[in-house]
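Understanding the architecture of this molecule
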Amino acid sequence: MNNDYLSAVPRGQLFDALKKLGVTPRYDAPQEELVNLIKQKIQGTDIQRDKELLGETFDHHLDSIVNKLFIALFVALSAIVLIIAFNYLKPSKKLFCDSENPTGLCIKCPSNAICSEGKAKCHEGFKLMHRRCIYDDDDSIYISSLYEYEIKLLEKQAGRFDCRLDKTKYITRNDLLIHLIRHSKFKNVDIEYLSNKAVDHLVYENTIGNVTEDNQELYYSTNMQKPISCIVRQEIESHIFLTISISIILLSTAIYIYVQSVKNNRRKQSFLFVQSMINSYRNHHIPVNEDTIRSNLVSIDPNPDSLMPYVLEELRRNPKVKTSYICGSLTFRFDQK
């Protein structure tokens, strides 16, 4: 860089440039000293390399903490998802559970059937369609689709009620008929007749019940299909102590990371400040006391007392600084080779 050009730049702009480069010069530093500092920073002196090394060390330490936190969170969330998936979102199954021993990953044996060795045998007068035993008559091919739909509708309503998303677990007969008619895609058939017949066939399903209130037939399911959000919420509510414990750990970790980041930032500031002091007072043989250090700190921190402990720590352990006590006052010399 051209020295003549830098020499012609106003001191205020030189101070701003050095501040952006991470250097805090003496407030009374001459133009030539400011120019030399900028040249040293741009050319990559030992000070610059030290700064980068220290910055990488602190950043790496903080990144390591953050990475470990997110890895722990990822593992915990993955475990929760796997548990939910295993319990509620079981993979597609081809075999029916035995009637006598209904365990394992299998399809629940349908009503009006006996299941063994993975196969379902419907009772006389019923036909296996859509994994359910449907009353066998001329309309069973149409009824099976409507039947499956209305059962799922009742199971979802039961799930919404259990999740406190609805005030009732019942669906009236009229509402069921409306849903079936809207759902049906059959053409050239009497859909109202088929829908009524599908509702009538619910009496054959042992997971479906009905009651009569105010001259209305109400249907409900003992099986439930719940939204994923409800499943997660209920799992959390059932393990409230564990949830609170995890929340406290996460909150404590977040606070710890924040505190560490503040400390690391202050250590970096202290390191850069001490390097600037070494550079500024290198040829001064008069010791510098704490008051001088504090007055110089004001240029980078309006509240120097918060940064002072970190600066003193850095001064004591820096090999280029000699610490001594003169008349009971702590002083520093920066003229070490």
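Quick note: structure is the one above.
Anyway, here's the lowdown on the structure attached to this text. (Residues numbered from 1 in each chain as written. Predicted model: local features only at pLDDT ≥ 70, side-chain atom pairs only at ≥ 80, totals over all residues. Heavy atoms only, no water.)

Let's talk about a nonpolar patch on the surface
Applied cut-off: Two distance rules govern patches: like charges are joined within 9 Å, and nonpolar side chains (Val, Leu, Ile, Met, Phe, Trp, Tyr) within 5 Å, applied only to residues with over 30% relative accessible area and no salt bridge. Only the protein chains shown count as cover for residues, with accessible areas throughout obtained via the Shrake-Rupley method and a probe of 1.4 Å. Take a side-chain nitrogen of Lys or Arg and a carboxyl oxygen of Asp or Glu: if they are within 4 Å of each other, that pair is a salt bridge. Helix numbering and strand numbering both begin at the N terminus, where a helix is a DSSP run of H or I of at least 4 residues and a strand a DSSP run of E of at least 2. Only protein chains enter the calculation, and the probe is 1.4 Å; a residue is then buried if its accessible area is under 20% of its type maximum, exposed if over 50%, and partly exposed in between.
Residues I240, F241, I244 and I248 make up a contiguous nonpolar surface patch of about 440 Å² in total accessible area. In this structure, I240 sits in helix α9 (residues 240-280). On the accessibility criterion, I240 (48% relative accessible area) is partly exposed.

Quick word on the packing of helix α5 (residues 140-162) against helix α7 (residues 191-200)
The cut-off we apply is this: Fitted lines through C-alpha atoms give the axes, limited to the stretch in contact for helices. The angle between two N-to-C directions lies from 0 to 180 degrees. For classification purposes, an angle smaller than 35 degrees is called roughly parallel, one larger than 145 roughly antiparallel, one from 65 to 115 roughly perpendicular, and anything else oblique. By convention the crossing between two helices is left-handed if the near helix lies anticlockwise of the far one by an angle smaller than a right angle, and right-handed if it lies clockwise. In this description, contact between two residues means that some pair of their heavy atoms is separated by no more than 4.5 Å. In the scheme used here, Gly and all other residues not listed as nonpolar or charged are polar, with Ala, Val, Leu, Ile, Met, Phe, Trp, Tyr, Cys and Pro taken as nonpolar and Asp, Glu, Lys and Arg as charged.
Across the interface, α5 lies against α7 with an axial gap of 9 Å and an inter-helix angle of 60°. For the element pair α5 / α7, the angle class is oblique. By crossing handedness, the relation of α5 to α7 is classed as right-handed. Mapping the contact onto sequence places Y142, I143, L146, Y147 and E150 in α5 and I191, L194, S195, K197, A198 and V199 in α7. Taken together, the residues of the contact of α5 with α7 break down into 8 nonpolar, 1 polar and 2 charged.

So, the state of the cysteines
Defined as follows: Pairs of cysteine sulfur atoms within 2.5 Å are identified as disulfides in what follows.
With the rule as written, the count across this model stands at 4 disulfides. Each sulfur in the disulfide pair C109 and C115 lies 2.1 Å from the other. In this structure, the disulfide formed by C109 and C115 twists by about 85° around the S-S bond and is classed as right-handed. Comparing C109 with C115 shows no difference in burial state: the two are buried. The residue that forms a disulfide with C163 is C230, at a sulfur-sulfur distance of 1.7 Å. Here the S-S torsion is close to -90°, and the disulfide linking C163 with C230 is therefore left-handed. Within this pair, whereas C163 is found in the loop between α5 and β5 (171-172), its partner C230 is found in helix α8 (residues 228-238), the two being separated by 67 residues in sequence. A relative accessible area of 1% places C163 in the buried class. Shown here for the chain is a disulfide pattern of 1-2, 3-4, 5-6, 7-8, where each number marks a bonded cysteine counted in sequence order.

Some thoughts on the sheet that holds strand β9 (residues 322-326)
How we decide: For two strands to be treated as a pair, DSSP must find at least two bridges joining them.
In space, the 3 strands of this open sheet follow the order β8-β10-β9, with antiparallel pairing throughout. With one partner strand each, in any of the chains shown, β8 (288-289) and β9 form the two edges of the open sheet. Bridging between β9 and strand β10 (residues 329-333) involves 5 bridges; their strand directions are antiparallel. What sits directly across from S324, in β10, is T331. Strands in contact with helix α11 (residues 304-317) are β9 and β10; relative to β10, the strand with the most contacts, it is inclined by about 55°.

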